[in-house]
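So you can see what is in the structure, the chains are spelled out below.
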Amino acid sequence: MNDNEQPTTGETLEQAAIQPEVDIKALQKSYSELQSAFTKKSQAYKELEQRINSIPSREEIIREYLLQNNTNQPAVMTSSSSAFDFAKDKKPTTLAEAERLAREFFKKGV
C-alpha cells in the first residue's frame, strides 16, 4: 500500500503499513520454478540410485570371474625338481607302476 492510499474500512493505519503487497503471478511463477527444480533433482537422484544399485558387489565380481575361468580340470602345479614333481603327468597303468611311483614319491621325502 502506498503512503498516499487510505486504509480500507476496519484497518488501522498500522495494519495497512505492515501488510506487504502480494503479487500472485510472481508467487505462482516462483512456485512453478521451485517445483520444476525439485522434480529435476528427484529424477537425478533416482538415476544415481539406479546406477549405484547396478554396480555388482565384490562377491558377485569374484563369483563371475571364477565361473568364467572354471575348467573341468583343476590346475596342477609342476616344477622340474621340487616337491611338486609328483604332480606331473605320471599316471600308472599297472599296479606295479603305481607302487614304483609311490616309492619314488616317498623316497624324495615329500
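Residues numbered from 1 in each chain as written. Predicted model: local features only at pLDDT ≥ 70, side-chain atom pairs only at ≥ 80, totals over all residues. Heavy atoms only, no water.

Visitor: Mind showing me how you'd approach helix 2 (residues 24-54) here?
Guide: In an α-helix, one full turn covers 3.6 residues, which means residues spaced three or four apart are oriented alike. For helix 2, built from 31 residues, the straight-helix expectation of 45 Å at 1.5 Å per residue is met to within 8% by its first-to-last C-alpha distance of 45 Å. Of all 31 residues that make up helix 2, zero are buried, and the element is exposed over most of its length. (Helix = DSSP H or I, 4+ residues; strand = E, 2+ residues; numbered from the N terminus. Expected span 1.5 Å × (residues − 1). Buried < 20%, exposed > 50% of the residue type's maximum accessible area, 1.4 Å probe, protein only.)

Visitor: Can you help me understand a nonpolar patch on the surface in this one?
Guide: On the surface, a nonpolar cluster with roughly 300 Å² of combined accessible area is contributed by Val22, Ile24 and Leu27. Structurally, Leu27 is set in helix 2. Classification of Leu27 by relative accessible area gives exposed; the value is 51%. (Patch = residues over 30% accessible without salt bridge, like charges linked within 9 Å, V, L, I, M, F, W, Y side chains within 5 Å. Areas by Shrake-Rupley, 256 points an atom, 1.4 Å probe, with all protein chains shown as cover. Salt bridge = Lys/Arg side-chain N within 4 Å of Asp/Glu carboxyl O.)

Visitor: How should the pattern of salt bridges be read in this particular structure?
Guide: It is possible for side chains of opposite charge to pair when their charged atoms get near one another. Throughout the structure, instances matching the rule amount to two salt bridges. With a shortest N-O distance of 2.8 Å, Glu99 and Arg103 are connected by a salt bridge. Taken together, the positions of Glu99 and Arg103, both in helix 4 (residues 95-107) and four residues apart, correspond to about one turn of that helix. With a relative accessible area of 42%, Glu99 lands in the partly exposed category. Notably, a salt bridge pairs Glu104 with Arg100, separated by 2.7 Å at the nearest N-O pair. Of this pair, Glu104 and Arg100 both sit in helix 4, four residues apart, which is roughly one turn of that helix.

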